[in-house]
Amino acid sequence: MRLQYPTDIHIIKVPCTGRVDLFHLLQAFEQGADGVFVAGCLEGDCHYMHGNLYARKRVERAKEILAATGIGRDRVEMYNLSAGQGTRWAEICREFDERIRNLGPSPIRFAHEKKAA
Amino acid sequence: MIKATPKPLEEIINYVKDFNKILVAGCDGCVTVCEAGGMKEAKVLGSALRLYFTQAGKDHEVVETTVTRQCDKEYLAELKDMVENADAVVSIACGCGIQYLTEMYNDKIVFPGVDTHFMGINADRGIFEERCAGCGQCVLASTGGICPIARCSKRMLNGPCGGSEAGKCEISKDTPCGWHLIYERLEKLGQVDRFTQPVDPKNWRTSRDGGPRVIIREDLRKAEPQHGSAHS
Amino acid sequence: MEPKTPSRLEKIMAAGQLGVTSEVGPPRGADGAEIEHKGHLIKDYVDAVNVTDNQTSVVRLCSLASCIRLKQMGIDPVLQMTTRDRNRIAMQSDILGAASFGIHNMLCLTGDHQTFGDHPMSANVFDLDSVQLIQTVKMMRDEGKLLSGFEMKVRPQIFIGAAENPFAGPNVELRALRLGKKIAAGAEFIQTQCIYNIPKFKEWMKIAVDKGYAEKAYIMAGITPFKSLGMARYMKTKVPGMDVPDNLIDRLKGVPKEKQADEGIKMAIEMMQELKEVPGVRGFHIMAIEWEEKVPELVKGAGLYPRPQV
């Protein structure tokens with residue numbers, strides 16, 4: 001399966017999405033990410049019981065914070081898929097990439113670049 | 001312990017939006033336990049404020065820290081340099097900590113980052129329940145260990161009122177009737193006869209009604225050297 | 001029991017007659033004439049008229065002023081007082097004010113929580129509860145003292161009433177114990193919650209009689225006629241501490257809508273006739289909510305008219 005997906009997605013591997021804290025999501029935006037998605041196991045299939053469900057709650061909270069800070073709630077998302085769903089993975093990547101491209105660069109990256117210029 | 005919840009981010013942003021150097025000061029005590037004002041929450045708030053200022057194109061410097069307890073001078077003293085360097089402080093300690101920090105750094109603007117609610121227990125993850133109203137004169141010995149002041153919506157000492165139904169309070173089906181709980185417990189203890197004797201009006205002076213409260217424990221106070229010589 | 005106060009209601013019940021009271025809900029505005037109008041509708045059919053105190057925590061013209069208006073019309077008012085909105089300073093002050101106008105009956109209540117009313121954001125007081133308010137009135141009357149210990153030159157003369165709800169939780173035994181507690185605190189007459197579940201009421205009354213409570217206070221059975229099927233359903237599901245058995249709902253369902261009010265009155269009269277025979281029942285408290293004009297029909301129907309003169 002040589003599936004194509006956008007090359008500018010930077011993957012950070014974690015043992016379980018339950019490890020992803022709210023702070024990590026916000027930090028990614030502080031460092032200039034245009035969008036962040038969390039890809040967890042299918043709901044009900046978490047190896048650690050509820051890790052992916054906690055991750056979803058944190059993504060929801062991150063959406064609220066991003067909305068309040070003017071970054072926009074759509075720049076963060078939670079997806080669930082299994083390790084065997086390679087096609088779905090590629091599809092999610094393309095879908096999210098397209099969503100972020102439509103939103104344009106994050107205002108943070110824009111501000112960073114302006115400062116550097 | 002004291003239970004608090006984070007204030008809406010919009011409200012905090014509104015407080016600090018015209019300042020540049022902001023210190024977010026958490027507390028490792030009660031507010032860490034209820035996940036409203038510990039290191040984790042300080043980092044999240046700091047990050048959110050930086051995101052806000054950055055996208056708004058405003059110069060800023062937001063730093064986060066916590067101290068062991070904001071209700072102690074000794075720990076607050078550790079904040080000296082950071083507070084001095086800041087234009088404004090957002091304290092996410094409980095209302096006591098926020099005020100004590102303000103008292104100690106009197107020339108600094110300090111904003112609250114949490115809403116402080118009550119003294120309670122951790123019933124489950126994310127569920128905190130009030131148990132004690134701090135009335136200053138504990139009645140638990142006569143009420144089966146369940147407080148009617150904190151757990152009856154009407155603070156009755158001679159409950160349950162006529163609105164108690166199927167173990168629930170009249171205010172909501174989600175609120176247990178405190179007096180129903182007391183009844184069940186006293187029945188278990190064989191003390192139902194307590195319900196036959198009226199309980200006299202309470203002295204609320206030891207509660208908030210007596211004004212701001214101070215406890216002075218002479219046995220705990222710093223020993224002052226006595227005047228005159230002990231050897232005379 | 002010898003009457004202790006000039007209360008007409010007390011005298012009638014002390015003479016062994018069934019007492020009859022009803023209630024007037026003051027308006028949500030400054031229209032004093034409305035109270036007088038309602039008073040006129042019922043004055044010859046009852047021994048005393050309760051005036052509710054911001055019932056269901058909705059702001060209304062105050063009970064004390066309404067009682068004074070009724071008193072000036074020659075009606076014996078029952079001042080209802082809840083502990084929700086006033087502390088012991090305000091309540092004792094109002095009691096003295098009421099007594100100064102010759103108001104000789106009080107119903108001591110804790111009151112509905114303000115969550116129900118039109119000002120759910122208000123602070124509540126609950127300095128005392130109903131039992132402690134009873135104690136307070138008794139102390140003022142019998143010892144001539146305020147709760148502070150201050151001795152008054154002129155004492156209030158008040159026939160002390162309380163409410164009790166036989167149908168509330170946790171169970172009928174505890175509700176009877178609480179009745180006993182109110183009587184121990186000084187309650188001399190009891191007006192019960194609206195009775196619909198008669199078997200349960202009888203159970204409660206039996207305990208009250210067996211424990212001797214019914215000898216120490218006049219227990220007045222609470223009656224509220226159904227105006228419609230909708231009202232019966234509302235009482236069943238929405239009003240805390242109300243016990244409406246399904247057979248009553250079914251009976252109203254079996255009647256065309258325009259006849260439901262008549263059926264409601266009929267049912268209430270039947271209930272009063274049955275309750276008259278229950279040992280320990282010493283009178284009736286008719287709460288015809290916004291339906292005061294029906295009180296004469298109920299009193300006559302239950303065979304309680306004319307009212308005794310004392």
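Residues numbered from 1 in each chain as written. Chains lettered and ligands numbered in written order. Predicted model: local features only at pLDDT ≥ 70, side-chain atom pairs only at ≥ 80, totals over all residues. Heavy atoms only, no water.

Q: Honestly, the overall build of chain B in this entry has me stumped. Any pointers?
A: Scanning chain B from terminus to terminus reveals 8 helices and 9 strands. For 232 residues, the compact-globule formula gives about 17 Å, and the C-alpha radius of gyration of chain B, at 23 Å, lies well above that figure. For chain B, the spread of C-alpha atoms along the principal axes amounts to about 70 × 70 × 25 Å. The buried share among the 232 residues of chain B stands at 42%. In chain B, once contacts between residues fewer than 6 apart in sequence are set aside, the share between residues at least 24 apart is 58%. When the accessible area of chain B is evaluated, it comes to approximately 12,700 Å², of which 51% is carbon and sulfur surface. (Helix = DSSP H or I, 4+ residues; strand = E, 2+ residues; numbered from the N terminus. Rg over C-alpha atoms; globule rule 2.2 N^0.38 Å. Buried < 20%, exposed > 50% of the residue type's maximum accessible area, 1.4 Å probe, protein only. Contact = heavy atoms within 4.5 Å. Areas by Shrake-Rupley, 256 points an atom, 1.4 Å probe, with all protein chains shown as cover.)

Q: Looking at this structure, I do not really get the layout of surface pockets. What am I missing?
A: The gaps left among the atoms become clear once a water-sized probe is rolled over them. Residue and element names in this part refer to chain A. Estimates place the volume of the largest pocket at around 1,500 Å³. In this structure, the largest pocket is lined by 44 residues; those nearest its centre are I9, H10, I11, I12 and F37. Those elements that provide at least two residues to the lining of the largest pocket are α1 (22-30), β1 (36-40) and α3 (86-103). With 6 residues, α3 is the largest single contributor of residues to the lining of the largest pocket. Looking at the lining of the largest pocket, its residues break down into 23 nonpolar, 14 polar and 7 charged. (1 Å grid on protein atoms, 1.4 Å probe; cavity = no way out; pocket = protein on both sides within 12 Å on 5 of 7 lines; lining within 4 Å. Points joined across faces, edges and corners; volume = space filled by probe spheres on them. Nonpolar A, V, L, I, M, F, W, Y, C, P; charged D, E, K, R; others polar.)

Q: How do you make sense of the sheet that holds strand β7 (residues 127-132) of chain B when you look at a structure like this?
A: Backbone-to-backbone hydrogen bonds pair the strands of a sheet. The strands run either parallel or antiparallel. All names here are of chain B. One open sheet accounts for 3 strands, arranged β1-β6-β7; its pairing is antiparallel. Each edge of the open sheet is held by one strand with a lone partner, namely β1 (2-6) and β7. In this sheet, neighbouring strand axes are inclined to one another by 75° on average, regardless of whether the strands run parallel or antiparallel. As paired elements, β1 and strand β6 (residues 114-124) share 5 bridges and run antiparallel to each other. Bridge pairing links T5 to D115 in β6. (Pairing = 2+ DSSP bridges. Axes fitted to C-alpha atoms, helices over the stretch in contact; angles between N-to-C directions.)

Q: Looking at this structure, I do not really get the pattern of salt bridges. What am I missing?
A: For side chains bearing opposite charge, pairing can occur when the charged atoms are close. Following the criterion strictly, the structure yields 45 salt bridges over all chains and no others. For E43(A), the salt bridge identified is with R56(A), shortest N-O distance 2.7 Å. With E43(A) in the loop between β1 and α2 (51-68) and R56(A) in helix α2, the pair connects residues that are 13 residues apart, well separated along the chain. The exposure class of R56(A) is partly exposed, given its relative accessible area of 29%. In this structure, E64(A) engages R61(A) in a salt bridge whose closest nitrogen and oxygen atoms are separated by 2.9 Å. With E64(A) and R61(A) both in helix α2, this residue pair falls 3 residues apart, about one helical turn. Note on R61(A): relative accessible area 33%, which makes it partly exposed. Sharing partners across several salt bridges, the network here consists of K4(C), K138(C), R141(C), D142(C) and E188(C). (Salt bridge = Lys/Arg side-chain N within 4 Å of Asp/Glu carboxyl O.)

Q: Just checking my understanding: could you explain the sheet that holds strand β6 (residues 189-194) of chain C for this structure?
A: Residues and elements named next belong to chain C. Around the barrel, which closes on itself, the 8 strands sit in the order β1-β2-β3-β4-β5-β6-β7-β8 with parallel pairing between neighbours. Across the sheet, the axes of successive neighbouring strands diverge by a mean angle of 30°, strand direction being ignored. When β6 meets strand β7 (residues 218-223), the two strands line up parallel, connected through 4 bridges. In the sheet register, Q191 faces β7, and the bridge partner there is M220. Docked against the sheet, helix α4 (residues 88-100) engages β3 (77-82) and β4 (105-109), running at close to 175° with respect to β3. Contacts from helix α5 (residues 130-143) reach β3, β4 and β5 (159-164), with the element oriented near 150° to β4.

Q: I keep staring at the interface of chain C and chain B and nothing clicks. Help me out?
A: It is common to give the size of an interface as the accessible area lost on bringing the parts into contact. With 34 residues of chain C at the contact, the number on the chain B side is 28 residues. Buried area between chain C and chain B, summed over both chains or domains, comes out near 2,500 Å², and the portion from carbon and sulfur atoms is 53%. Here chain C and chain B share 0 salt bridges between them. Summed over the shared surface of chain C and chain B, the result is 21 residue pairs in polar contact (both at pLDDT 80 or more). Within the residue set of the side of chain C that touches chain B, elements represented by two or more residues are α5 and α6 (172-185) of chain C. Broken down by element, the residue count for the side of chain C that touches chain B peaks at 7 residues, all from α6(C). Partitioned by chemical class, the residues of the side of chain C that touches chain B number 15 nonpolar, 12 polar and 7 charged. (Buried area = accessible area lost by both parts, 1.4 Å probe. Polar contact = N/O pair within 3.5 Å; in protein donor to acceptor, adjacent residues only side chain to side chain.)

Q: Just to check I follow, could you spell out the packing of α6(C) against helix α7 (residues 198-210) of chain C for this structure?
A: Residue and element names in this part refer to chain C. Where α6 meets α7, the closest approach of the two axes is 9 Å, and the angle between their N-to-C directions is 45°. With respect to their mutual orientation, α6 and α7 come out oblique. Like other packed secondary-structure pairs, α6 and α7 cross with a definite hand, here right-handed. On α7, the residues touching V172, E173, R175, A176 and L179 of α6 are K200, E203, W204, I207 and A208. (Parallel < 35°, antiparallel > 145°, perpendicular 65-115°, else oblique. Left-handed = near helix turned anticlockwise from the far one by under 90°.)

Q: Is there a simple way to think about the arrangement of the chains in this case?
A: Counting contacts across all 2 pairs of chains that touch, the top pair turns out to be chains B and C. Separated in space, chain A and chain C share no contact, their closest pair of C-alpha atoms being 27 Å apart.

Q: How should the environment of V90(B) be read in this particular structure?
A: All names here are of chain B. Structurally, the position occupied by V90 is in strand β4 (residues 88-91). The buried category is assigned to V90, whose relative accessible area is 0%. Spatially, the C-alpha atoms of V90 and A48 are 13 Å apart, while their sequence positions differ by 42 residues. With near-sequence residues (within four places) excluded, V90 lies in contact with I12, V16, I22, L23, V24, A25, L45, F111, P112 and G113.

Q: Is there a simple way to explain the interface of chain B and chain A in this structure?
A: The interface is formed by 15 residues belonging to chain B together with 19 residues belonging to chain A. Of the roughly 1,400 Å² buried where chain B meets chain A, counting both sides, 71% is carbon and sulfur surface. The three residues of chain B that bury the most area against chain A are V44(B), L51(B) and Q55(B), which together make up 39% of that side's buried surface. Linking R50(B) and E30(A) is a salt bridge whose minimum nitrogen-to-oxygen distance equals 2.5 Å. Our enumeration of links across chain B and chain A arrives at 4 residue pairs in polar contact (both at pLDDT 80 or more). Within the residue set of the side of chain B that touches chain A, elements represented by two or more residues are α1 (9-16) and α3 (39-55) of chain B. By residue number, the principal contributor to the side of chain B that touches chain A is α3(B), which donates 10 residues. Classifying every residue of the side of chain B that touches chain A by side-chain character gives 6 nonpolar, 3 polar and 6 charged.

Honestly, that's just the spatial picture; any functional story needs more than this.
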